[in-house]
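Observations on chain architecture
What follows is the residue order along each chain.
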Amino acid sequence: MARAQPDPDVDRLKEQIARYSVKAYERGLVGGAGGNVSARVPGSEEILITRTGVILGEVTPDDVVPIDPTGRPLDPQGPRPSKEVPFHTVVYRLRPDVNAIIHLHPCYAVVQSLRLADLPLLTVSARLALGPRVPCVPVAYAGTRLLAQYVGSALKEVPDAKVVLLAAHGLNAMAADLATAYALADLTEFTAKQACIADSLQIHLALPPREALPEPDVAGA
Ligand SMILES: [Zn+2]
């Protein structure tokens, strides 16, 4: 099912996928040929995803592959999509609010994932932007159905999760658009770095929920 007419939404999204792929690579959130980025075409079931084997730092719009909701490439003669198509399609199926997914292997987030537990949200900005929870899915090899199944289970357990850690592997940031997904991925890595430093210094502050803190009397201040 090749597309008959050029579609401005598709062209715009391909450009954005390329831009955020390069940004993530240059920011050091992924290395080698790891990571992949996808987006759902507005008003359509079509998904665009980076091709398999591409280095994110070198992605151009031509490296972005259209697939259907089951993960089949729309152009059978074109480049092959990322091998992580299974978990991307699971997320889009379970989360109608998600139109962009950025999957990366950032150093500190991967270290934190080795704890096989939620990412500690140590700061108020992490709590507000990444909360309520950043769950961690068990170890599964890249590109497997098992990994996609774990991601699906995590989203059923935490239906409004914005980021999921993949144990000993990386993270998935999920949002309505690519700019937000990129910001979530970046903040997750920053938060994971802070958690690693706090762990190494053996310091911990239990952050109360926002409602538990008194509102100052601004008028009287
Ligand atoms: Zn990966």
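Since the model is a prediction, treat every value here as computed from it, not as a measurement. (Residues numbered from 1 in each chain as written. Predicted model: local features only at pLDDT ≥ 70, side-chain atom pairs only at ≥ 80, totals over all residues. Heavy atoms only, no water.)

This paragraph deals with the nonpolar core. Membership of the largest hydrophobic core comes to 38 residues, with the highest contact counts inside it found for Ile102, Leu104 and Leu178. The contacts of isoleucine 102, once residues within four sequence positions are left out, are Tyr20, Asn36, Val37, Leu171, Asn172, Ala173, Leu178, Ala181 and Tyr182. Listed in part, the 23 residues of the second largest apolar core include Val137, Val158, Ala161 and Val164. (Core = buried A, V, L, I, M, F, W, Y, C linked by side-chain atoms within 4.5 Å. Buried < 20%, exposed > 50% of the residue type's maximum accessible area, 1.4 Å probe, protein only. Contact = heavy atoms within 4.5 Å.)

Ordered by their spatial adjacency, seven strands build an open sheet running β3-β2-β1-β4-β7-β6-β5, and the pairing between neighbours is mixed. Of all strands in the sheet, those bounded by a partner on one side alone are β3 (64–67) and β5 (136–137). Relative to strand β7 (residues 170–175), strand β6 (residues 163–166) is paired through four bridges, and the arrangement is antiparallel. What sits directly across from valine 163, in β7, is alanine 173. Sheet strands in contact with helix α6 (residues 178–201) are β1 (36–40), β4 (100–104), β6 and β7, and its direction is about 145° off that of β7. (Pairing = 2+ DSSP bridges. Helix = DSSP H or I, 4+ residues; strand = E, 2+ residues; numbered from the N terminus. Axes fitted to C-alpha atoms, helices over the stretch in contact; angles between N-to-C directions.)

What follows concerns the packing of aromatic side chains. For any pair of aromatic rings, the description consists of the separation of the ring centres together with the inter-plane angle of the planes. Following the criterion strictly, the structure yields one aromatic pair and no others. Consider the rings of tyrosine 20 and tyrosine 182, whose centres lie 5.6 Å apart with planes at 45°: the pair is tilted. Remark: tyrosine 182 occurs in helix α6 and tyrosine 20 occurs in helix α1 (residues 8–26); sequence separation between them is 162 residues. The pair formed by tyrosine 20 and tyrosine 182 is uniform in burial state, with each residue classed as buried. (Phe/Tyr/Trp six-rings, centres within 6.5 Å; stacked < 30°, edge-to-face > 60°.)

Using the criterion set out here, one finds zero disulfides in the structure. No disulfide involves cysteine 107; its sulfur sits 7.5 Å from the nearest other cysteine sulfur, which is in cysteine 196. (Disulfide = S-S within 2.5 Å.)

Below, the discussion takes up the environment of lysine 162. Here lysine 162 lies in the loop between α5 (145–157) and β6. You can call lysine 162 partly exposed: its relative accessible area is 27%. Along the sequence, lysine 162 and phenylalanine 190 sit 28 residues apart, while their C-alpha atoms lie 15 Å from each other.

The residue after glycine 131, namely proline 132, is reached through a cis peptide bond having omega 10°. The residue proline 132 is located in the loop between α4 (124–130) and β5 in this model. Even without being a glycine, glutamine 202 presents a positive backbone phi close to 55°. Within the element layout of this structure, glutamine 202 appears in the segment after α6. For glutamine 202, a relative accessible area of 74% puts it in the exposed group.

Further remarks concern the layout of surface pockets. Approximately 190 Å³ is the volume found for the largest pocket. Counted by class, the lining of the largest pocket contains seven nonpolar, no polar and four charged residues. Quantified by volume, the second largest pocket comes out at close to 170 Å³. Forming the boundary of the second largest pocket are 15 residues, of which Ala33, Gly34, Gly35, Asn36 and Lys83 lie nearest the centre. Taken together, the residues that form the lining of the second largest pocket break down as three nonpolar, nine polar and three charged. (1 Å grid on protein atoms, 1.4 Å probe; cavity = no way out; pocket = protein on both sides within 12 Å on 5 of 7 lines; lining within 4 Å. Points joined across faces, edges and corners; volume = space filled by probe spheres on them. Nonpolar A, V, L, I, M, F, W, Y, C, P; charged D, E, K, R; others polar.)

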